[in-house]
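Given next are the chains, with one letter for each unit.
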Amino acid sequence: MKYRLLFCLIVLIFLPTPALPADWRPLKQTFTGTVDRIAVDALDNIYVTKSGGLFMSVDGGQTWFSAQGNLPSPAVSALAADPTTPGKIFAAVVEGLYLTTNGGTTWTQAVANVAVSNIEIAPSNHNYVYVSTNGSYVQVSQDGGATWRTSSVGLSGGSNGPSFVWSMAVHPTNPSIAYTSTWRGLLFKTTNGGASWSPISNSHWSAEQMWIVPTNPSVLYMTQESYAGPVLFRSADSGSTWTAVASPDGTNSHVGQVAISPADTTGNTLYATTSLG
């Protein structure tokens, strides 16, 4: 559900449609079924995942070829591309977190036996990579994925304990500042690159994802599971307090993705997808 926006866009692009908006163009129909993940590297090479594995396009989606290489499983749970290094991709599969530096020709295992929920690369320093996991706390690298350490000091709570963390967001200009949450638990912030975490709200949340406004980093948005009530929240004080904002479709249906307009420096212009569209 968290990638619903990506699902919708890929289906729109890959399947023929009689009426495309003026600024969209159809890509060559290559895949059938649902495309699960998408990432774009520094050369605008496109990587997508589906049940059949990981695929890559170097010509804007007109042709595709496998980037699976020696990746041990075709089921990719998370995908991220380094925005400054062409061909450098992080992918999470059942066996753990893997890294390629040649566009998927070969992969090396970065962290073994972790169930990854999110991969976030710091926008201001791409050597900093934060990975939230189900059962292995936060995994942090400060050398672009060459070495990793488990970040757990200060994490607490959560329905399954503090090792189950889900949401992850990294400050746009300070790579040492990041946010996470324990599953159905508390929200946390680090200011020292994951050496320790501090709770930023006394309330318990069912947080799924968090986003930081690039032009105003004190403003954050967070989605939570729809069963818990309001699904979209805003903080204007770096996460200390939160206010429910109007649900995008007028109901408490699940919010899959939020995109923040870079043109609005206040961070008040959002685009969102829900289970209703």
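Use the structure listed above.
Just so it is clear, the model here is predicted, and its values are computed rather than measured.

> Would you explain the overall build of the protein chain in this entry?
Scanning the protein chain from terminus to terminus reveals 1 helix and 22 strands. Per-residue burial over the protein chain gives 50% buried out of 277 residues. A separation threshold of at least 6 residues defines the contact pool for the protein chain, and within that pool the share at least 24 residues apart is 41%. Roughly 11700 Å² of accessible area belongs to the protein chain as shown, and the carbon and sulfur atoms make up 54% of that amount.

> In this structure, what is going on with the pairing of strand β10 (residues 129-133)? I would like to understand it.
Regular strands show a simple pattern: their side chains alternate between the two faces of the sheet. Burial within β10 is extensive, with 5 of its 5 residues counted as buried. By the alternation rule, side chains of β10 split into V129, V131 and T133 and Y130 and S132, which are all buried. Across 5 bridges, strand β9 (residues 116-121) lies against β10 in antiparallel orientation. Looking at β10, one finds that E120 is bridged to Y130. Counting the residues that bridge the hairpin from β10 to strand β11 (residues 138-141) gives 4 residues, and of these G135 lies at a positive phi of roughly 115 degrees.

> Sorry if this is basic, but what is going on with the sheet that holds strand β19 (residues 232-235) here?
The strands making up a sheet associate through hydrogen bonds between their backbones, and the pairing can be parallel or antiparallel. Read from one edge to the other, the open sheet built from 4 strands follows the order β17-β18-β19-β20, with strand pairing classed as antiparallel. Here the strands that pair on one side only, and so sit at the sheet edges, are β17 (207-212) and β20 (243-244). Alignment of β17 against strand β18 (residues 220-224), held across 5 bridges, turns out to be antiparallel. Within β18, the position partnered with A207 by the bridge is Q224.

> What is the right way to read the packing of aromatic side chains from this model?
Aromatic rings in a pair are described by how distant their centres are and how their planes are angled relative to each other. Going through the model one piece at a time under the given rule, you end up with 3 aromatic pairs. Centroid distance F90 to W148: 6.2 Å. Interplanar angle 85 degrees. Geometry classified as edge-to-face. Pair noted here: F90 is in strand β6 (residues 89-93) and W148 is in the loop between β11 and β12 (149-151), with a separation of 58 residues, a long-range link. Assigned by exposure class, F90 and W148 land together as buried. The rings of W205, F233 and W242 are connected pair by pair, giving a single aromatic cluster.

> Just checking my understanding: could you explain the pairing of strand β13 (residues 165-170) for this structure?
The buried count for β13 comes to 5 of 6 residues, which makes it a mostly enclosed element. Judged from the 4 bridges that link them, β13 and strand β14 (residues 178-182) form a sheet pairing that is antiparallel. For M168, the partnering residue across the bridge sits in β14 and is T180.

> Explanation requested: the side chain of Q68 in the structure shown.
Positionally, Q68 belongs in the loop between β4 (65-66) and β5 (78-81). A distance of 3.0 Å separates the side chain of Q68 from the backbone nitrogen of L54, its partner in a polar contact.

Thresholds, definitions, all that
Each chain carries its own residue numbering, running from 1 in the direction its sequence is written. At least 70 in pLDDT is required for a residue's local features to be given in this predicted model, at least 80 for side-chain atom pairs to be given and counted, and no such filter applies to totals for whole chains, interfaces and linings, which use all residues. Only hydrogens and water are set aside; all other atoms, that is, all heavy atoms of the structure, feed into the side-chain values. We count a stretch as a helix when DSSP gives it H or I for four or more residues in a row; a strand needs E for two or more, and each element gets its number in order from the N terminus. Accessible area is worked out with a 1.4 Å probe on protein chains only. A residue is then buried under 20% of its type maximum, exposed over 50%, and partly exposed in between. Should any heavy atoms of two residues lie within 4.5 Å, those residues are counted as being in contact. For accessible areas, the Shrake-Rupley method is used with a probe of radius 1.4 Å. Any residue's cover is judged against the shown protein chains and nothing else. By this definition, two strands are paired if DSSP reports at least two bridges between them. Two rings from Phe, Tyr or Trp (for Trp, the six-membered ring) form a pair when their centres sit within 6.5 Å of each other. Planes less than 30 degrees apart are called stacked, planes more than 60 degrees apart edge-to-face, and all others tilted. Whenever a nitrogen or oxygen atom comes within 3.5 Å of another N or O atom, the pair is scored as a polar contact, on the condition that within protein one atom can donate a hydrogen and the other can accept it, and that pairs from neighbouring residues in sequence are kept only if both atoms are in side chains.

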